[in-house]
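Chain by chain, the residues run as shown.
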Amino acid sequence: MPQSKKPGPQAAKAPRESVKILITGGRIQRRIQEIAKQIRKDFPDEPLHLVSVLKGGVFFLTDLARSISGEVSFDFIAVSSYGQNTHSSGQVRLTRDLDSSVEGKTVIVVEDILDTGMTLQYLLRLFEQRKPKHLRVAVLLDKPERRIADVRADYVGFSIPNEFVVGYGLDYAERYRNLRYVGILTLGSDTKKGASEK
Ligand code: PRP
């Protein structure tokens, strides 16, 4: 998947990591309110079924779900890639399926970040086969520069530059997910290049 999560040996010994705020928690929450209103405006009368991709999408899903008026349900799915090199060739696999069928439902796929687009491409193909009534995509962050697959989101929180970002669900080696904001992670000089390349 997107960002390279494995800290190199230098990072493990002397992390010297710092996080510079890119998007404050307040801006994230305000934008989520706007997206929630837009989604409800687009589907005024229907129950909405939000599907989030573990783990990064959980905070966006929970905040979005609580901001959309009317009937909302949600579910989770998990996918994995076969590694950085094979990821760009589309080797995404399902590791946890949904609990309930999406057939006939208005489904919103909720993702923290749209990066190469390989994950989303896989998910959209999977869900389309399952015959939802409508299928839409909401992403908090979009990195258009990184796109490989020809996919797009219907609702985008913020379009961001190609930097290694953490927070609000996004991790580096499983850390930083719990930050309320999104920040740019800087590692020590020896490891910075590898991280920003993702
Ligand atoms: C991230 C993110 C998306 C995917 C996007 O997940 O949550 O699912 O990568 O990347 P792509 O557009 O390049 O496919 P990740 O694999 O990092 O797992 P995580 O959510 O558990 O951190």
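Now for a look at the structure at hand. Counting restarts for each chain, with residues numbered from 1 along the sequence as it is written. Whole-chain, interface and lining totals are the exception, using all residues; otherwise, since this is a predicted model, local features are given only for residues with pLDDT of at least 70 and side-chain atom pairs are given and counted only at 80 or more. Only hydrogens and water are removed before side-chain values are computed, so all heavy atoms of the structure are retained for them.

**Focus: the packing of helix α2 (residues 25-42) against helix α3 (residues 58-67)**
- Between α2 and α3, whose axes approach to 9 Å, the crossing angle comes to 55°. On the basis of their axis angle, the class for α2 and α3 is oblique. Helix-helix and strand crossings are classified by hand; for α2 and α3 the assignment is right-handed. Residues Q29, I32, Q33, I35, A36 and I39 of α2 lie in contact with α3, whose contacting residues are F60, D63, L64 and S67. Here an angle of 0 to 180 degrees is reported between the N-to-C directions of two axes, which are lines fitted to C-alpha atoms, with helices fitted over the stretch in contact. The way it works is that DSSP assigns letters per residue, a run of H or I at least four long becomes a helix, a run of E at least two long becomes a strand, and they are numbered from the N terminus. Roughly parallel means an angle under 35 degrees; roughly antiparallel, over 145; roughly perpendicular, 65 to 115; everything else is oblique. By the definition used in this description, the sense in which the near helix is turned from the far one sets the handedness, with an anticlockwise turn below a right angle giving left-handed and a clockwise turn giving right-handed. Any two residues whose heavy atoms approach within 4.5 Å are treated as being in contact.

**Considering the nonpolar core**
- What is meant by a nonpolar core is a set of buried Ala, Val, Leu, Ile, Met, Phe, Trp, Tyr and Cys residues, joined one to another through side-chain atoms within 4.5 Å. Only protein chains enter the accessibility calculation, which uses a 1.4 Å probe; a residue whose area is less than 20% of its type maximum is buried, one above 50% is exposed, and one in between is partly exposed. Judged by nonpolar contacts, the single largest core of 28 residues is most densely connected at I28, I39, F60, L64, L140, L141 and V165.
- Residue assignment for this core shows that the elements contributing at least two residues are α2, β2 (48-54), α3, β5 (106-114), β6 (134-142), β7 (155-159) and β9 (182-186).
- If one sorts the elements of this core by residue count, α2 sits on top with 5 residues.
- With residues up to four places along the chain from it excluded, the contact list for F60 reads I32, I35, V110, E111, A138, V139, L140 and Y168.

**Describing the packing of aromatic side chains**
- In this scheme Phe, Tyr and Trp rings, the latter by its six-membered ring, pair at centre separations within 6.5 Å, and the angle between planes marks the pair as stacked below 30 degrees, edge-to-face above 60, and tilted otherwise. Using the criterion set out here, one finds 3 aromatic pairs in the structure.
- When the centroid spacing of 6.1 Å and the interplanar angle of 45° are considered together, the rings of F59 and Y168 count as tilted. Taken together, the residues F59 in helix α3 and Y168 in the loop between β8 (165-166) and β9 connect sequence positions 109 residues apart.
- Look at F59 and you get partly exposed, because its relative accessible area is 33%.
- Centroid distance F74 to F76: 5.8 Å. Interplanar angle 75°. Geometry classified as edge-to-face.

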